[in-house]
Amino acid sequence: MIKRQTINLVNGDTYFWIEQLSSDTQLNSFSCLIDEYNYYLFDDALRSQNDHIALTWLLRERATGAITAYMSLIADAIKLSVSEKEIHNLNYPFKTIPAMKIAKLAVSNPAQQKYKGIGTYMINNALAFARTCNRQLFACRFLTVDADIEHNKSVMDFYQKNGFVPNAEMNAKRNKTISMRKDIFS
Ligand SMILES: CC(C)(COP(=O)(O)OP(=O)(O)OC[C@H]1O[C@@H](n2cnc3c(N)ncnc32)[C@H](O)[C@@H]1OP(=O)(O)O)[C@@H](O)C(=O)NCCC(=O)NCCS
């Protein structure tokens, strides 16, 4: 097996660039292992963006121009329990805390065979976007995700390795997704 190139914040820019989805983007070459994530990109991502429901970012490989990953970002808010607020030192008389959510994230199958760390690189880019929002536009304390354990049983491990933890308040009755959060400022 060919040794995979590890991508991180230091070398990511050398191999890839990030751009927003547009009506000119040719999407049909993207292929990840979960059909639902391919169809979302082909059929729904642009409409969702035009309707201001989800904004999609593409990671393109400099050598080929290929779409190696995408993520769709949306505004969010999460309810934290008293003990969760204590963990984050958020001593406020309300439960709901502003957040930014990774609504979709997928890495292409060919890219996963060639590179290691692309999913993590996308999360780091989402964190960078969130920090920019906090500096310039609006506050969001957490990066959130609904980990899709229906389609990818072990995906919580991926998010936990990236510093996400499950939310106590939101997961009581869930079995297809697990709501997870990462403090952008810790
Ligand atoms: C989940 C996904 C985005 C991860 O991308 P990736 O580029 O493979 O992730 P990384 O290389 O950054 O992995 C970081 C770590 O998480 C681990 N990891 C990645 N995916 C994992 C999974 N599904 N289950 C368990 N561990 C996983 C990696 O082994 C790696 O561990 P290490 O640092 O100990 O070597 C990618 O597999 C994907 O697109 N899957 C299909 C769509 C999907 O499930 N999206 C998420 C829905 S919420």
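Residues numbered from 1 in each chain as written. Predicted model: local features only at pLDDT ≥ 70, side-chain atom pairs only at ≥ 80, totals over all residues. Heavy atoms only, no water.

Topic: the overall build of the protein chain
Short version of the rule: Strands are runs of DSSP state E lasting at least two residues, helices are runs of H or I lasting at least four, and both sets are numbered from the N terminus onward. Within these notes, the globule rule equals 2.2 Å times the number of residues to the 0.38 power, and the radius of gyration is based on C-alpha atoms. Exposure classes here rest on a 1.4 Å probe applied to the protein chains alone. A residue is buried below 20% of its type maximum, exposed above 50%, and partly exposed in between.
For the protein chain, the count of helices and strands is six helices and nine strands. For a compact globule of 186 residues, the expected C-alpha radius of gyration is about 16 Å, and the protein chain comes in at 17 Å, within 12% of that figure. For the protein chain, the C-alpha atoms occupy an extent of roughly 50 × 35 × 35 Å along the three principal directions. Burial analysis of the protein chain (186 residues in total) assigns 44% to the buried set.

Some points on helix 2 (residues 35–50)
Note: α-helices contain 3.6 residues per turn, so residues at a spacing of three or four share the same orientation. Going by this rule: Any helix carries an expected span of 1.5 Å times its number of residues minus one. Working definition for bend: take the seven residues up to and ending at a residue and the seven starting at it, fit an axis to each, and measure the angle between the axes.
Taking 1.5 Å as the rise per residue, helix 2 with 16 residues should run 22 Å; its terminal C-alpha atoms sit 23 Å apart, in good agreement. At Asp 44, helix 2 shows its largest kink, close to 55°. Within helix 2, burial applies to Tyr 37, Asn 38, Tyr 40, Leu 41, Ala 45, Ser 48 and Gln 49.

Considerations on the nonpolar core
Formally: Buried residues of nine kinds, namely Ala, Val, Leu, Ile, Met, Phe, Trp, Tyr and Cys, make up a nonpolar core once their side-chain atoms join them within 4.5 Å. Residue contacts follow a heavy-atom distance rule, with two residues in contact if any of their heavy atoms lie within 4.5 Å.
Grouped together as the largest cluster of nonpolar side chains are 32 residues, with contacts concentrated most on Ile 102, Ile 118, Ile 123, Leu 143, Tyr 159 and Met 180. Those elements that place two or more of their residues in this core are strand 3 (55–61), strand 4 (67–79), strand 5 (96–107), helix 5 (118–136), strand 7 (142–148), helix 6 (155–161) and strand 9 (177–183). Here this core takes seven residues from helix 5, the largest share from any one element. If near-sequence neighbours (up to four positions away) are discounted, Tyr 159 is found in contact with Leu 105, Ile 123, Val 145, Ala 147, Phe 164 and Met 180. Counting residues in each nonpolar core, the second largest holds 14 residues, with Leu 41, Ala 45, Leu 58 and Ile 67 among its members.

Side note on the packing of aromatic side chains
As a reminder of what qualifies: Only the six-membered ring of Trp is used, alongside the rings of Phe and Tyr, when aromatic pairs are assigned; centres must lie within 6.5 Å, and planes under 30 degrees apart are stacked while those over 60 apart are edge-to-face, with the rest tilted. Two conditions define a charge sitting above a ring: the NZ of Lys or the CZ of Arg must be within 6 Å of the ring centre, and it must be within 35 degrees of the ring normal.
Evaluated as defined, the whole model comprises nine aromatic pairs. Between Tyr 15 and Tyr 115 the ring centres are 6.0 Å apart and the planes differ by 75°, which places this aromatic pair in the edge-to-face class. Taken together, the residues span a long stretch of sequence, with Tyr 15 in helix 1 (residues 12–15) and Tyr 115 in strand 6 (residues 115–116) at a distance of 100 residues. Here Tyr 15 falls in the partly exposed class, since its relative accessible area comes to 28%. Judged by relative accessible area, which is 7%, Tyr 115 ranks as buried. Through a chain of ring-to-ring contacts, three or more aromatic side chains come together here, namely Tyr 15, Phe 16 and Tyr 115. Seen from the ring of Tyr 37, Lys 104 lies directly overhead, with NZ or CZ sitting 5.6 Å from the centre. Its guanidinium or amino end placed over the ring of Tyr 40, Lys 104 lies 4.9 Å from that ring's centre, counting from NZ or CZ.

Quick notes on the site of the ligand
Using the following cut-off: We call a residue near a molecule or strand when any one of its heavy atoms sits within 4 Å of it. For this analysis, a polar contact is any N or O atom pair within 3.5 Å, provided that within protein one partner can donate a hydrogen and the other can accept it, and provided that sequence-adjacent residues contribute only side-chain to side-chain pairs. Exposure was quantified through the Shrake-Rupley algorithm and a 1.4 Å probe, taking into account, for residues, occlusion by the shown protein chains and nothing else. Residue polarity follows a fixed list, in which Ala, Val, Leu, Ile, Met, Phe, Trp, Tyr, Cys and Pro are nonpolar, Asp, Glu, Lys and Arg are charged, and the others, Gly among them, are polar.
Every one of the 21 residues lining the ligand counts as a neighbour, but Leu 105, Val 107, Lys 116, Thr 120 and Ser 154 are closest to it. In this structure, an oxygen atom belonging to the ligand sits 2.8 Å away from a main-chain N or O atom of Gly 117. Between the ligand and Asn 152, the relevant distance is 2.8 Å, taken from an oxygen atom to a side-chain nitrogen or oxygen of the residue. Against a free-state accessible area of 900 Å², the protein chains account for coverage of 76% of the ligand. If one sorts the elements of the shell around the ligand by residue count, helix 6 sits on top with five residues. Looking at the shell around the ligand residue by residue, the class counts come to 10 nonpolar, six polar and five charged.

Focus: the pattern of salt bridges
Rules: What makes a salt bridge here is a side-chain nitrogen of Lys or Arg within 4 Å of a carboxyl oxygen of Asp or Glu, nothing more.
Using the criterion set out here, one finds six salt bridges in the structure. The partner of Arg 181 in a salt bridge is Glu 84, with the nearest N and O atoms 3.1 Å apart. In this pair, Arg 181 is assigned in strand 9 and Glu 84 in helix 3 (residues 82–87), connecting sequence segments 97 residues apart. Each of the two residues, Arg 181 as well as Glu 84, counts as buried.

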